[in-house]
Amino acid sequence: NSFRVVAGLYAEAVQLITMDPNIKSVADLAGKSVSIGAPGSGVYFNAVDVLTAAGLTEKDIVAQYQDFGQSADALKDGKIDAAFIVAGAPTPAITELSMTNSNVRIVPIDGDIATKLMTDNTFYSVYKIPANTYANQTEEIASVTVKATLIVSANATENDVYKITKAIFDNIDAITKEHAKGAELSLENATEGLTVPFHAGAAKYFAEKGVNVEAK
């Protein structure tokens, strides 16, 4: 590979949204019009992974290839039945939709589907979307997450990557003041559940903090 990992940053929740009361699980998407993200986007690959875990393929749904904003508009206009959105929760596009449409729901990705997904793809993990993340969402919803990950070229120098890593993780408090996702930055989140090798510069910083990672 021509890239190396610097660190895992924060959770990007796989959020399957619908306004159709009959869609209660991923399996119910069969035959429905579903937005699965722009072609080749991260969302697209996540959506296909989730569909596969439910025993569905792209051909089993009427696939639409839309970004978050387009998906929210299409749901509101009744042009699609459901949409996959992969982003930190709360996601603005879903927040806006839920405030103006009381029947917006997030479909759980749990049980056998989640188990199969995580068995087949080790980079997914369990994620609970807390109650009241969105309007009219009174209960916690079980889903899955992928980790937003910072990567660099394998050719980047050890010193440069060490400095980047240090700049992030020595300044978590300052970053959190500017962006709520900063609260998820931690040495644990940075280094756990990642299967690709770290850059030596990042590994050097984590080693100083007592965390050893596989570098290449």
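Definitions and cut-offs
Residues numbered from 1 in each chain as written. Predicted model: local features only at pLDDT ≥ 70, side-chain atom pairs only at ≥ 80, totals over all residues. Heavy atoms only, no water. Helix = DSSP H or I, 4+ residues; strand = E, 2+ residues; numbered from the N terminus. Rg over C-alpha atoms; globule rule 2.2 N^0.38 Å. Buried < 20%, exposed > 50% of the residue type's maximum accessible area, 1.4 Å probe, protein only. Contact = heavy atoms within 4.5 Å. Areas by Shrake-Rupley, 256 points an atom, 1.4 Å probe, with all protein chains shown as cover. Lys, Arg positive; Asp, Glu negative; His and termini not counted. Charge placed at Lys NZ, Arg CZ, Asp CG, Glu CD. Core = buried A, V, L, I, M, F, W, Y, C linked by side-chain atoms within 4.5 Å. Polar contact = N/O pair within 3.5 Å; in protein donor to acceptor, adjacent residues only side chain to side chain. pLDDT = per-residue confidence, 0-100. Salt bridge = Lys/Arg side-chain N within 4 Å of Asp/Glu carboxyl O. Phe/Tyr/Trp six-rings, centres within 6.5 Å; stacked < 30°, edge-to-face > 60°. Arc of directions from axis to C-beta.

Caption draft 1: Main features of the overall build of the chain. Counting its secondary structure elements, the chain contains 8 helices and 7 strands. Relative to the 2.2 N^0.38 estimate, which gives 17 Å for 216 residues, the radius of gyration of the chain is 19 Å and therefore close to what a compact globule would have. Looking at the chain as a whole, 45% of its 216 residues qualify as buried. Counting only contacts in the chain whose residues sit at least 6 apart along the sequence, the fraction spanning at least 24 positions is 71%. With an accessible surface of roughly 10800 Å², the chain has 52% of that area assigned to carbon and sulfur atoms. One way to put it: in the chain the 17 positive side-chain charges average out to a point 3 Å from where the 26 negative ones average out.

Caption draft 2: Highlighting the nonpolar core. Among the nonpolar cores identified, the biggest contains 27 residues, and Val14, Val26, Leu29, Ile36, Leu51 and Phe84 are the most heavily contacted of them. Of all the secondary structure elements, the ones that give two or more residues to this core are strand 1 (3-18), helix 1 (42-53), strand 4 (82-87), helix 4 (111-120) and strand 7 (141-153). Filtering out sequence-adjacent residues up to four positions away, Leu51 remains in contact with Val26, Leu29, Ile36, Leu56, Ile61 and Phe84. Residues Ala13, Leu75, Ala87 and Ile94 belong to the second largest nonpolar core, which totals 21 residues.

Caption draft 3: Fine view of the environment of Asn101. Note on placement: Asn101 falls in the loop between helix 3 (92-100) and strand 5 (105-107). As for Asn101 and Ile17, which are separated by 84 residues in sequence, their C-alpha atoms are 12 Å apart. With residues near it in sequence (within four places) discarded, Asn101 still touches Met19 and Lys76. A polar atom in the side chain of Asn101 sits 3.0 Å from the side chain of Thr100.

Caption draft 4: Spatial organisation of the confidence of the model for the chain. Averaged over all residues, the pLDDT of the chain equals 94, while 100% of them reach at least 70. Mean pLDDT values for the elements of the chain range from 90 in helix 7 (residues 187-191) up to 98 in strand 2 (residues 33-35).

Caption draft 5: View of the pattern of salt bridges. The full count for this structure, using the stated rule, is 6 salt bridges. The salt bridge partner of Lys166 is Asp170, with a shortest N-O separation of 2.8 Å. Under the relative-accessibility criterion, Lys166 is labelled partly exposed at 34%. Classification of Asp170 by relative accessible area gives partly exposed; the value is 36%. Asp170 is the salt-bridge partner of Lys209, the closest N and O atoms lying 4.0 Å from each other. Pair noted here: Lys209 is in the segment after helix 8 (200-208) and Asp170 is in the loop between helix 5 (158-169) and helix 6 (172-178), with a separation of 39 residues, a long-range link. Each of Lys166, Asp170 and Lys209 takes part in one network of salt bridges that share partners.

Caption draft 6: Up close: the packing of aromatic side chains. All told, the structure shown has 8 aromatic pairs when counted by the stated rule. Seen in terms of ring centroids, Tyr44 and Tyr65 are 6.3 Å apart; in terms of plane orientation they differ by 45°. Their pairing is tilted. Highlighted residues: Tyr44 in helix 1 and Tyr65 in the loop between strand 3 (62-64) and helix 2 (68-76), separated in sequence by 21 residues. For Tyr44, a relative accessible area of 16% corresponds to the buried category. Tyr65 sits in the partly exposed class, given a relative accessible area of 38%. Taken together, a centroid distance of 6.0 Å and an interplanar angle of 85° make the contact between Phe198 and Phe206 edge-to-face. Classification of Phe198 as buried rests on a relative accessible area of 3%.

Caption draft 7: Layout of helix 3. For helix 3, the complete set of buried residues consists of Ala93, Ile94, Leu97 and Ser98. Viewed end-on, helix 3 has its buried residues packed into an arc of 125°, placing them on one side of the element. Those residues of helix 3 that are exposed and angled more than 90 degrees off the buried face are Pro92, Glu96, Met99 and Thr100. Buried-residue contacts for helix 3 involve strand 1, helix 2 and strand 4.

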